Amino acid sequence: MAGKPVRPVNAIDQTRRMLSLVTYLRERPGARIADVARAFGITEDELVSDLDLLPMCGTSFRGGDLLDIDTDGERIWWHNPAALGEEAAEPLRLAADEATALLVAARAVATLPGLREGDRQALLRATAKVEAAAGETAGASSRLSVTFESEGGVFADVDRAISERRRLWIRYYSPARDEVTEREIDPIRLVSVGHTYVEAWCRRSEARRTFRLDRVAEIRILDEPSAPPEIELRDLSEALVQPAAEDPEVVVEVGPGGRWVAEYYPHDSADELPDGGLRITLRTPDPASLRRLALRLGADGRIVSPPELAESARRAAGEALAAYAE
């Protein structure tokens, strides 16, 4: 499935698309994947990703209320479209704990910095309707509150910048270098692979980079428009770090206790060594970040090349041992 030039995508846009997708599929049993993707202006990979989420949606989490949608790779089949029809058995009734959780979460989201005012007002109107329907149960929720950590505010600002196509200024902590840098980025999309990241075009390095949101120390939305170059979206489902062919080559040798490195890091080759270890050749846009790997491996591995990186890793290990001795 061929990739497409990148375009800004955020959670709200995806939600709107998926709601439209439900109606579209209900009216077209057995629709072809290629036809649906073309109708929505997305790639087939993006459509399949949406289809993976839909079976987790429905009027409740009880059996039969979730959407039973699957695909054979060519066509899309919806096996229980009546689950969302007028004939669906019961009107939705929230239990006391469900209503409390929903109200607390809604009020917390409404306080997020960077949330667009139109979305905030829509959320507050929906919250008021749930409060009215919940009756006395709503009283318990008013005594609870949730405070988001800083990542929540960063997420909202990034999401807003993507939606409004504006550039961001960030102060970002890099654990590989143990330093905080300032940079301007053109955000492309938010991704979640264990942690939440923003994939962006970094104006400092003039290259595509991913930034972990909980490492953003400070963020500002700039007036300057975001204008990332047309680049192909990567499939990040297998790994966040996907080296390019032009990235510097690094060779690492590991003992039997370090064979996990070949499973965790994308690599060009992994050759067996006589002692049961591996000689791993990999590429990375930031070779210095592998110093932390060398320290973690300890006696189970070493960086062979490039020579300057190997020497840097040895020096870092020596400093760590000296600090431990003190």
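What counts and how
Residues numbered from 1 in each chain as written. Predicted model: local features only at pLDDT ≥ 70, side-chain atom pairs only at ≥ 80, totals over all residues. Heavy atoms only, no water. Salt bridge = Lys/Arg side-chain N within 4 Å of Asp/Glu carboxyl O. Helix = DSSP H or I, 4+ residues; strand = E, 2+ residues; numbered from the N terminus. Buried < 20%, exposed > 50% of the residue type's maximum accessible area, 1.4 Å probe, protein only. Axes fitted to C-alpha atoms, helices over the stretch in contact; angles between N-to-C directions. Parallel < 35°, antiparallel > 145°, perpendicular 65-115°, else oblique. Left-handed = near helix turned anticlockwise from the far one by under 90°. Contact = heavy atoms within 4.5 Å. Nonpolar A, V, L, I, M, F, W, Y, C, P; charged D, E, K, R; others polar. pLDDT = per-residue confidence, 0-100. Expected span 1.5 Å × (residues − 1). Phe/Tyr/Trp six-rings, centres within 6.5 Å; stacked < 30°, edge-to-face > 60°.

Draft legend 1. Broad picture of the pattern of salt bridges. By the definition in use, this model includes 24 salt bridges. The shortest N-O distance in the salt bridge between E184 and R167 comes to 3.7 Å. Within this pair, whereas E184 is found in strand β4 (residues 179–193), its partner R167 is found in strand β3 (residues 166–174), the two being separated by 17 residues in sequence. Using a relative accessible area of 31% as the deciding quantity, one classes E184 as partly exposed. Judged by relative accessible area, which is 9%, R167 ranks as buried. Of the charged contacts, one joins R167 and D186 as a salt bridge, the two residues approaching to 2.7 Å between their closest N and O atoms. Remark: D186 occurs in strand β4 and R167 occurs in strand β3; sequence separation between them is 19 residues. Given a relative accessible area of 0%, D186 falls into the buried group. Taken together, the salt bridges that share partners define one network made up of R167, E184, D186, R203, E206 and E224.

Draft legend 2. Structural detail: the packing of helix α4 (residues 96–110) against helix α5 (residues 117–134). Running from N to C, α4 and α5 cross one another at 155°; their axes reach a closest spacing of 10 Å. Considered as vectors, α4 and α5 are oriented roughly antiparallel to each other. The way α4 lies across α5 gives a crossing that is left-handed. Contacts from A99, L102, L103, A106, R107, V109 and A110 of α4 reach α5 at R120, L123, L124, T127, V130, E131 and A134. A per-class count over the contact of α4 with α5 returns 10 nonpolar, 1 polar and 3 charged.

Draft legend 3. Seen up close, the confidence of the model for the chain. For the chain, mean pLDDT is 77; residues scoring 70 or higher make up 75% of the total. Low confidence marks residues 1–8, where pLDDT is under 50. Its contacts with residues over four positions away, or in another chain, come to 24 contacts.

Draft legend 4. A look at α4. With 15 residues, α4 extends 21 Å from end C-alpha to end C-alpha; this agrees with the ideal 21 Å at 1.5 Å per step. Those residues of α4 not exposed but buried are A99, T100, L103, V104, A106, A108 and A110.

Draft legend 5. Seen up close, the packing of aromatic side chains. The final tally for this structure, using the stated rule, is 2 aromatic pairs. Where Y24 meets F40, the ring centres are 5.3 Å apart and the plane angle is 75°; that geometry is what we call edge-to-face. Residue Y24 is located in helix α1 (residues 11–26), and its partner F40 is located in helix α2 (residues 33–40); the two are separated by 16 residues in the primary sequence. On the basis of relative accessible area, F40 is assigned to the partly exposed category, the value being 22%. Ring geometry for Y172 and F211: centres 5.0 Å apart, planes at 80°, overall edge-to-face. Linking Y172 in strand β3 with F211 in strand β6 (residues 207–212), this pair joins segments that are 39 residues apart in sequence.

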